[in-house]
Amino acid sequence: MTSHAGLAAYSSLRHEYGRLVEKGEITRDPVQEALIARFDRLIVELGATNAATKSNALGWFFARKKAPPAPRGLYVHGGVGRGKTMLMDMFFKLAPLKRKRRAHFNEFMADVHDRIGLHRAALKAGTAKGDDPIPPVAASIAKESRLLCFDEFTVTDIADAMILSRLFTALFANGVTLVATSNVAPDDLYRDGLNRALFMPFIQTLKANVEVVAVDIPTDYRMLKLSHLPVYVTPLGPAADRQMDEAWAAATEGHSEAHTALTVMGREVKVARASGPSARFTFAQLCDEPLGARDFLAIAERFDTLFIDHIPVMDQTRRNATKRFILLIDTLYDRHIRLVASAEAPPDRLYAGRENVTEAFEFARTASRLNEMQSREWVEGRAARETRA
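Thresholds applied
- Residues numbered from 1 in each chain as written.
- Predicted model: local features only at pLDDT ≥ 70, side-chain atom pairs only at ≥ 80, totals over all residues.
- Heavy atoms only, no water.
- Phe/Tyr/Trp six-rings, centres within 6.5 Å; stacked < 30°, edge-to-face > 60°.
- Helix = DSSP H or I, 4+ residues; strand = E, 2+ residues; numbered from the N terminus.
- Buried < 20%, exposed > 50% of the residue type's maximum accessible area, 1.4 Å probe, protein only.
- Lys NZ or Arg CZ within 6 Å of the ring centre and 35° of its normal.
- Patch = residues over 30% accessible without salt bridge, like charges linked within 9 Å, V, L, I, M, F, W, Y side chains within 5 Å.
- Areas by Shrake-Rupley, 256 points an atom, 1.4 Å probe, with all protein chains shown as cover.
- Salt bridge = Lys/Arg side-chain N within 4 Å of Asp/Glu carboxyl O.
- Pairing = 2+ DSSP bridges.
- Axes fitted to C-alpha atoms, helices over the stretch in contact; angles between N-to-C directions.
- Core = buried A, V, L, I, M, F, W, Y, C linked by side-chain atoms within 4.5 Å.
- Contact = heavy atoms within 4.5 Å.

## Side note on the packing of aromatic side chains
- Scanning all chains against the criterion turns up 18 aromatic pairs.
- Relative to phenylalanine 325, the ring of phenylalanine 283 lies with its centre 5.8 Å away and its plane at 50 degrees, an arrangement referred to as tilted. Highlighted residues: phenylalanine 283 in helix H12 (residues 283-288) and phenylalanine 325 in helix H14 (residues 319-334), separated in sequence by 42 residues. Like phenylalanine 325, phenylalanine 283 is buried.
- The side chain of lysine 100 reaches across the aromatic face of phenylalanine 92, ending 5.0 Å from its centre.

Right, here's the structure in full:
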């Protein structure tokens, strides 16, 4: 499709966004519309660079000229539920490139470390050259993807932090455009991390190659949808499962669902159902498995909304699971994590064991917290804290 001026015309976010507003699927928001204009400009720039690359490929090859520079990307940050992921996914779908990749940042970095390991193995086997694996790894990624889109850009792992500056310097030099969403501004990435001074060059490299956009919208649209649904469903059964599925669909709208894993002290904590900042577990996956305080903290740091299906009534015959559940709820409460749960009984009747044991006294606090975490005041208090942050 070509415009009258002879310039390529591409599908726009503005058009797609307007269509969703007309259908009543989303609410028009001026801050989102300003961000849409930036995404649409980048779509045009990517299309122009792509067209120039195709039309002049032979000329560049014979003249040994450089390909046109990659368009400057976008780094969009703001609170949860502001529509960042929804708009980035719309952009990714419309971006006029075949070589593009959309991934959660942690998944991308796991792939990078795997490639580094393969390069070192090849070096040891004598089938590769060069002691530094970063340049060939970056070159291979750039060959596959001219556009990288990352959801939930965050840096918590020191192994990632120590290679990001060199990795992304090489990626940008290879003509890669980066688009990312995050809950924090670039200057706040890896804050208080170990050896952060070594990480600081990455922040400058990032800011030199992306336009940083703050999305300051007071309404958490994701939570607005979830607030109309029950967050503690009892008793268990098909009806409860349906209500949990409805709440999950509301909380994860705009995010794809995938299996992931968190690394905690060299171990993997498996997350069978992760979708953006939300995760869904069964009680058995969290409390029957040998998980501890560090594992629950890692989950709370990675996700802001947790779904727990099929919480049973507990007693002294399930002492270990009961202790883990108490610890889990304490962690979620202290970190102000949204909880959506289905349970065999209301919080005050979830523990049916002997009254003179330690778990009974501790569970009284757990039941109180479960009741509070269902309240509108607790949820709205969380939203207010996110807005102030």
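On we go from here.
## Some details on a nonpolar patch on the surface
- Residues Ile158, Met162, Leu194 and Leu198 make up a contiguous nonpolar surface patch of roughly 360 Å² in combined accessible area.
- In this fold, leucine 194 is placed in the loop between strand E4 (177-182) and helix H9 (200-209).

## Here's the deal with the sheet that holds strand E1 (residues 73-77)
- The parallel open sheet is built from five strands, whose spatial order is E2-E3-E4-E1-E5. Each edge of the open sheet carries a strand with a single partner, namely strand E2 (100-104) and strand E5 (210-214). Adjacent strand axes in the sheet meet at a mean angle of 15 degrees, parallel and antiparallel pairs treated alike.
- Relative to strand E3 (residues 147-151), E2 runs parallel, the two sharing five bridges. Across the sheet, the residue bridging to arginine 102 is cysteine 149, located in E3.

## Digging into the nonpolar core
- Ranked by size, the top nonpolar core spans 39 residues in total, and within it Leu286, Ile299, Leu306, Ile311, Phe325 and Leu350 carry the most contacts.
- The biggest single contributor to this core is H14, with seven residues.

## Side note on the sheet that holds strand E6 (residues 232-233)
- A sheet is described by the order of its strands in space; here six strands give the open sequence E6-E11-E10-E9-E8-E7, paired in mixed fashion. Both outer strands of the open sheet, E6 and strand E7 (258-264), are each paired with one neighbouring strand and no more.
- Along the sheet, helix H13 (residues 293-302) makes contact with E7, strand E8 (267-275), strand E9 (278-282) and strand E10 (305-311), crossing E7 at roughly 125 degrees.

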